[in-house]
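Residues per chain, in single letters:
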Amino acid sequence: QVQLVESGGGLVQAGGSLRLSCAASGMIVSINAMGWYRQAPGKQRELVARITNSGSTNYADSVKGRFTVSRDNARNTVYLQMNSLEPEDTAVYYCYLGPVMPTTRVDYWGQGAQVTVSS
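Residues numbered from 1 in each chain as written. Predicted model: local features only at pLDDT ≥ 70, side-chain atom pairs only at ≥ 80, totals over all residues. Heavy atoms only, no water.

A. Spatial organisation of the environment of Leu-80. Position of Leu-80 relative to the elements: it lies in strand S8 (residues 77–82). Along the chain, Leu-80 and Tyr-93 lie 13 residues apart, while their C-alpha atoms are 9.9 Å from each other. In contact with Leu-80, other than residues within four places in its own chain, are Leu-18, Arg-19, Leu-20, Trp-36, Val-48, Ala-49, Phe-67, Thr-68, Val-69 and Tyr-93. (Helix = DSSP H or I, 4+ residues; strand = E, 2+ residues; numbered from the N terminus. Contact = heavy atoms within 4.5 Å.)

B. Geometry of the environment of Gly-15. If you trace the backbone, Gly-15 turns up in the loop between strand S2 (10–13) and strand S3 (18–26). Of the residues examined, Gly-15 reaches a relative accessible area of 53% and is grouped as exposed. Between the C-alpha atom of Gly-15 and that of Asp-72, which follows or precedes it by 57 residues, the distance is 27 Å. Residue contacts for Gly-15: discarding those within four places in its chain leaves Ser-84 and Leu-85. (Buried < 20%, exposed > 50% of the residue type's maximum accessible area, 1.4 Å probe, protein only.)

C. Structural detail: the side chain of Asp-89. Among the structural elements, Asp-89 can be located in the loop between S8 and strand S9 (91–98). A polar contact of 2.8 Å, which involves the side chain of Asp-89, links it to the side chain of Arg-66. Looking at Asp-89, its side chain comes within polar contact range of the main-chain nitrogen of Glu-86, at 2.8 Å. If near-sequence neighbours (up to four positions away) are discounted, Asp-89 is found in contact with Arg-38, Arg-66, Phe-67, Ser-84, Val-115 and Val-117. (Polar contact = N/O pair within 3.5 Å; in protein donor to acceptor, adjacent residues only side chain to side chain.)

D. Local environment of the side chain of Ser-21. In this structure, Ser-21 sits in strand S3. Given a relative accessible area of 16%, Ser-21 falls into the buried group. With sequence-adjacent residues up to four places away left out, Ser-21 is seen in contact with Val-5, Glu-6, Ser-7, Trp-36, Val-78 and Tyr-79.

E. Summary view of the pattern of salt bridges. Under the counting rule described, the total for this entry stands at seven salt bridges. Residue Arg-66 pairs with Asp-89 through a salt bridge whose shortest N-O separation is 2.8 Å. Residue Arg-66 is found in the loop between strand S6 (57–59) and strand S7 (67–72), and its partner Asp-89 is found in the loop between S8 and S9; the two are separated by 23 residues along the sequence. Across the pair Asp-72 and Arg-75 runs a salt bridge, and its minimum N-O distance is 3.2 Å. The exposed category is assigned to Arg-75, whose relative accessible area is 60%. (Salt bridge = Lys/Arg side-chain N within 4 Å of Asp/Glu carboxyl O.)

F. Just the sheet that holds S7, in detail. Taken together, the four strands give an open sheet; going across it, the order is S1-S3-S8-S7, and neighbouring strands pair in antiparallel fashion. The open sheet has two edge strands with one neighbour each: strand S1 (2–8) and S7. Looking at each pair of strands side by side, their axes are set apart by 15° on average, direction ignored. (Pairing = 2+ DSSP bridges. Axes fitted to C-alpha atoms, helices over the stretch in contact; angles between N-to-C directions.)

G. Geometry of the pairing of strand S4 (residues 33–39). Summarising burial for S4: six of the seven residues are buried, a large majority. Pairing geometry for S4 and strand S5 (residues 46–52), over six bridges, is antiparallel. Across the sheet, Trp-36 pairs through a bridge with Ala-49, a residue of S5. Between S4 and the antiparallel strand that follows it, S5, lie six residues; Gly-42 among them carries a positive phi value of about 75°.

Spatial relationships are all this shows, so hold off on functional conclusions.
Okay, structure coming up:
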């Protein structure tokens, strides 16, 4: 089994920054994608950013230029640096682990981290 444990998140004012971390443990296939989804109240869960083991990244249009996803393959850890946060970024952020393809497949989820951005 694989377990994903998130840390970070919290309350920040608009324009501020936060960093999320997610560490994976267990039987992990080395060729994989890790990343972050978010879900705001009353909305569907959406992909925020993903990164493959080779370093290829994808971002939602709404966060491009503000968020940066990175990973430490040796530690099986993925990070999400969030800058210039906006109230619209308020959501529960979930890390995930899945195969490189298909890009939408998620095999494991983290427990979720609340991010609240005040105006």
